[in-house]
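# Close look at the chain arrangement
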Amino acid sequence: MKDHVLNTCKLMLAPAVRLLLRAGIGWKEFAEISKQVFVDVARQDYGLQGRPTNSARVALMTGLSRREVGRIRKVLTGGDAPPVPRPSRISAVLTGWHVDPDFLDSDGMPLVLPEHGHESSLNALLDRYGGDTPRGALSKELLQLGLISETEGGYKVEARDYIRSASDPDMLRQGGQAIHDHAATVVHNVAADRSGPVRFERMATQLEIDPEDAGDFAVLLAERGQAFLEEMDQWLAQRRQARPGASVIRKPVRTGVGMYLIYDETEGTQDND
């Protein structure tokens, strides 16, 4: 089992190492981060009665010395907890404009919005989905990116999604979150003691595809995948708030679905379907 897990980790780490090397990060910096993750997961996942695991057990599980575990614990508890990743403000505004009934016409299409007004206005939309970002800065950015346009009747939305440039730090954050989410689903499914049913996780792959056909597939996926994700986004947005009349208020969870294109030019790829 250890050999299988280690081989799987090598596959998972290869893209991450490529990212690290491109950023000029070597193995020593990665090793320090790796230690922190080992200690953090061991403390959080293997404690008793809801309490973090003690240092002695963490050292035993991870192979680190108790002294090293103590040092890393100080690093982990020395600062504020990292914030929960959230969608960019721009993406949140575009999504709200396409799924929130207050900003849709009778056919379910995005309205052309006046700038001012308490309801169904651009300012109302930015207040609801723009967080603490100033209205002026957000609307200016939307205009400059070509995501909205100004017409005689008001502001019109021109795009459903905001595709960031490769140099945008938020794109890196979202990519890391996507890898984490997929890996978390796989780990849940292979755990013998999982608390709950298997989570949906499927792939459709073919080993011998002509590069030109692969390009056609990318176009097909972009079209049908986008339509599917918009349908899922609509469903999730309608259930964002607690259901009216619910007798029990439960702690909310983050849920959703991710999609990605598979394109692998490496030799010796094995079909795992």
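The structure we're discussing is the one just above.
Residues numbered from 1 in each chain as written. Predicted model: local features only at pLDDT ≥ 70, side-chain atom pairs only at ≥ 80, totals over all residues. Heavy atoms only, no water.

### Some words on the overall build of the protein chain
Within the protein chain, the secondary structure is distributed over nine helices and two strands. Across the protein chain, helices and strands are ordered from the amino to the carboxyl terminus as α-α-α-α-α-α-α-β-β-α-α. Going through the 273 residues of the protein chain one by one, you find that 21% of them count as buried. A sequence separation of at least 24 residues applies to 52% of the contacts in the protein chain between residues at least 6 apart. Total accessible area on the protein chain is roughly 21,100 Å²; 56% of this is exposed by carbon and sulfur atoms. (Helix = DSSP H or I, 4+ residues; strand = E, 2+ residues; numbered from the N terminus. Buried < 20%, exposed > 50% of the residue type's maximum accessible area, 1.4 Å probe, protein only. Contact = heavy atoms within 4.5 Å. Areas by Shrake-Rupley, 256 points an atom, 1.4 Å probe, with all protein chains shown as cover.)

### Quick notes on the pattern of salt bridges
Taken as a whole and judged by the stated rule, the model has eight salt bridges. Ionic pairing is found between E32 and R71, a salt bridge with its closest N-O pair at 3.1 Å. A residue pair is termed long-range when its members are at least 10 positions apart, and E32 in helix α2 (residues 27-45) and R71 in helix α4 (residues 66-77) qualify at 39 residues. For E32, a relative accessible area of 23% gives the class partly exposed. A salt bridge links K35 to E68; its shortest N-O distance comes to 3.0 Å. One end of the pair, K35, is in helix α2; the other, E68, is in helix α4, and 33 residues separate them in sequence. (Salt bridge = Lys/Arg side-chain N within 4 Å of Asp/Glu carboxyl O.)

### Some details on the nonpolar core
W97, L125 and L142 are the most contacted members of the largest nonpolar core, which totals 20 residues. Elements that contribute at least two residues to this core include exactly α5 (89-99), α6 (122-129), α7 (135-144) and β2 (154-157). If you look at the next biggest cluster of nonpolar residues, it comprises seven residues, including V58, A59, L64 and V69. (Core = buried A, V, L, I, M, F, W, Y, C linked by side-chain atoms within 4.5 Å.)

### Regarding helix α9 (residues 211-238)
For α9, which comprises 28 residues, the first-to-last C-alpha distance of 40 Å matches the rise-based estimate of 40 Å (1.5 Å per residue) to within 8%. Capping of α9 at its N-terminal end is provided by D210; its side-chain oxygen lies 2.8 Å from the backbone amide nitrogen of E212. (Expected span 1.5 Å × (residues − 1). Polar contact = N/O pair within 3.5 Å; in protein donor to acceptor, adjacent residues only side chain to side chain.)

### Description of a negative patch on the surface
Where like charges cluster on the molecular surface, the negative patch consists of D210, E212, D213 and D216. Here D210 is to be found in the loop between α8 (169-190) and α9. (Patch = residues over 30% accessible without salt bridge, like charges linked within 9 Å, V, L, I, M, F, W, Y side chains within 5 Å. Lys, Arg positive; Asp, Glu negative; His and termini not counted. Charge placed at Lys NZ, Arg CZ, Asp CG, Glu CD.)

### Concerning a nonpolar patch on the surface
On the surface, I33, V37, V41, Y46 and M61 cluster together into a nonpolar patch covering about 430 Å² of accessible area. Of all the elements, α2 adds the most residues to the nonpolar patch, at three residues. Taking the relative accessible area as the measure of exposure, Y46 reaches 40% and is therefore partly exposed.

### A closer look at helix α1 (residues 2-22)
Taking 1.5 Å per residue, 21 residues should reach 30 Å; α1 reaches 30 Å between its end C-alpha atoms and fits that length. The sharpest bend along α1 measures roughly 35° and falls at L13, with the proline P15 sitting one to four residues further on. Positioned one or two residues after α1, G24 has a phi angle of 75°, which is positive. (Bend = angle between axes of the 7 residues up to and from the residue.)

### Some details on unusual backbone geometry
Phi at S120 takes a positive value of approximately 50°, unusual for a residue other than glycine. Position of S120 among the secondary structure elements: in the loop between α5 and α6.

### Considering the layout of surface pockets
Roughly 160 Å³ of internal volume is contained in the second largest pocket. H98, V99, G108, M109, P110, R160, E230 and Q234 together form the lining of the second largest pocket. Those elements that provide at least two residues to the lining of the second largest pocket are α5 and α9. Within the lining of the second largest pocket, the residues separate by chemical class into three nonpolar, three polar and two charged. (1 Å grid on protein atoms, 1.4 Å probe; cavity = no way out; pocket = protein on both sides within 12 Å on 5 of 7 lines; lining within 4 Å. Points joined across faces, edges and corners; volume = space filled by probe spheres on them. Nonpolar A, V, L, I, M, F, W, Y, C, P; charged D, E, K, R; others polar.)

### Considering the side chain of T185
Looking at where T185 falls in the secondary structure, it is placed in helix α8. In this structure T185 touches R199, F200 and E201, once residues within four positions along its chain are discounted.

### Concerning the pairing of strand β1 (residues 148-151)
Alignment of β1 against β2, held across four bridges, turns out to be antiparallel. Bridging across to β2, I148 finds its partner in V157. The antiparallel pairing of β1 with β2 creates a hairpin that spans two residues between the two strands. (Pairing = 2+ DSSP bridges.)

### Regarding the environment of G63
Position of G63 among the secondary structure elements: in the loop between α3 (55-62) and α4. Judged by relative accessible area, G63 falls into the exposed class, the value being 67%. Residues G63 and F38 lie 25 residues apart in sequence; the distance between their C-alpha atoms is 9.8 Å.

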